[in-house]
Amino acid sequence: MDEELRSLTHRLAEEAGAAGEAAACHRLIATEDDEELAQVLIERERPLWAREIAAFRLGCGGDRRAFETLVLLLNHRDPERCAGAAHALARLGDPRTPRAAAALATNSLRTAYALYPVRLLGELRAPESVPALMATLRGLLGPDEPYWRVALACVEELGLLGDVRARPLLEAALPHPRLGDAAGEALGRLPAP
């Protein structure tokens, strides 16, 4: 059991236990039947914890039936759910993932929940990654920006991706107190002009 699954198992076992469904939770965690897990995703009135377990396990196993549920979880208000979904989506290998992560990261109405889509874009290294990260960062360079952690993640991921198209935005981030150090480091990773 990897660390991400261990963390998810512990968190959701507590959630299910509080609802009196600990046995059902442990059964979903232990099953080796992908069809049973996939059924959880389409049955009506299944609790969120059950859908999350099923989607995570299927996604990490490369089963694309988990895609829609994982994308919904990636955009959840609970950071732990977002983290688990990002982990599973990175392993899923679905070609729709970069577009979905880009759409979530660039949605200005959901910026508060964009941290994990931003990190996922960096990990995916897809053609959509740099344009989406740049668009997100561009909207977060104003003074007194409340979502500076999302902006910082954009700066860091752009540095890791090393794409010269990001240079002007990274230079614009240099004067920002919370972004300047990371922007300088990211600029140092770019090929010389």
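Shown above is the structure to which this text applies.
Residues numbered from 1 in each chain as written. Predicted model: local features only at pLDDT ≥ 70, side-chain atom pairs only at ≥ 80, totals over all residues. Heavy atoms only, no water.

Draft legend 1. View of helix H1 (residues 3–18). End to end, H1 covers 23 Å across 16 residues, agreeing with the expected 22 Å (1.5 Å per residue, within 8%). Among the residues of H1, those classed as buried are Leu 5, Leu 8, Thr 9, Arg 11, Leu 12, Ala 13 and Ala 16. Buried residues along H1 sit in contact with helix H2 (22–30), helix H4 (48–60) and helix H6 (79–92). Backbone geometry just downstream of H1 places Gly 20 in the positive-phi region, at approximately 75 degrees. (Helix = DSSP H or I, 4+ residues; strand = E, 2+ residues; numbered from the N terminus. Expected span 1.5 Å × (residues − 1). Buried < 20%, exposed > 50% of the residue type's maximum accessible area, 1.4 Å probe, protein only. Contact = heavy atoms within 4.5 Å.)

Draft legend 2. Summary view of the pattern of salt bridges. Considering all chains together, one arrives at 16 salt bridges under this definition. Three or more residues joined by partner-sharing salt bridges are found here, namely Arg 11, Glu 15, Glu 52, Asp 78, Glu 80 and Arg 81. (Salt bridge = Lys/Arg side-chain N within 4 Å of Asp/Glu carboxyl O.)

Draft legend 3. Molecular detail of the side chain of His 87. Here His 87 shows up in helix H6. Apart from residues lying up to four places away in sequence, His 87 is in contact with Asp 2, Glu 4, Phe 56 and Cys 60.

Draft legend 4. View of the packing of H1 against H2. At their nearest, the axes of H1 and H2 sit 8 Å apart, and the two run at 150 degrees to each other. Of the possible angle classes, the one that applies to H1 and H2 is roughly antiparallel. When the axes of H1 and H2 are compared, the crossing they make is right-handed. For the pair formed by H1 and H2, the contact residues are Thr 9, Leu 12, Ala 13, Ala 16 and Gly 17 on the first element and Ala 22, Cys 25, His 26 and Ile 29 on the second. The residue makeup of the contact of H1 with H2, split by class, is six nonpolar, three polar and no charged. (Axes fitted to C-alpha atoms, helices over the stretch in contact; angles between N-to-C directions. Parallel < 35°, antiparallel > 145°, perpendicular 65-115°, else oblique. Left-handed = near helix turned anticlockwise from the far one by under 90°. Nonpolar A, V, L, I, M, F, W, Y, C, P; charged D, E, K, R; others polar.)

Draft legend 5. Representation of helix H10 (residues 148–161) in the model. In a regular helix each residue adds 1.5 Å, so 14 residues correspond to 20 Å; H10 covers 20 Å between its end C-alpha atoms and thus fits that length. The element H10 is largely enclosed, with a buried count of 10 among its 14 residues. For H10, the complete set of buried residues consists of Val 150, Ala 151, Leu 152, Ala 153, Cys 154, Val 155, Glu 157, Leu 158, Gly 159 and Leu 161. Residues of H10 that are buried in the fold lie against helix H8 (115–124), helix H9 (129–138), helix H11 (167–173) and helix H12 (180–189). With its phi angle positive at about 65 degrees, Gly 162 sits one or two positions after the end of H10.

Draft legend 6. Expanded view of the environment of Leu 161. Counting through the fold element by element, Leu 161 comes out in helix H10. C-alpha of Leu 161 to C-alpha of Ala 126: the two residues are 35 residues apart in sequence and 9.9 Å apart in space.

Draft legend 7. Inspection of unusual backbone geometry at higher detail. A positive phi angle, close to 60 degrees, is found at Glu 45, a residue other than glycine. Summarising the element assignment, Glu 45 is placed in the loop between helix H3 (34–42) and H4. Since its relative accessible area comes to 76%, Glu 45 is described here as exposed. In this structure, Asp 144 takes a positive phi of about 55 degrees despite not being glycine. As for its position among the elements, Asp 144 is in the loop between H9 and H10.

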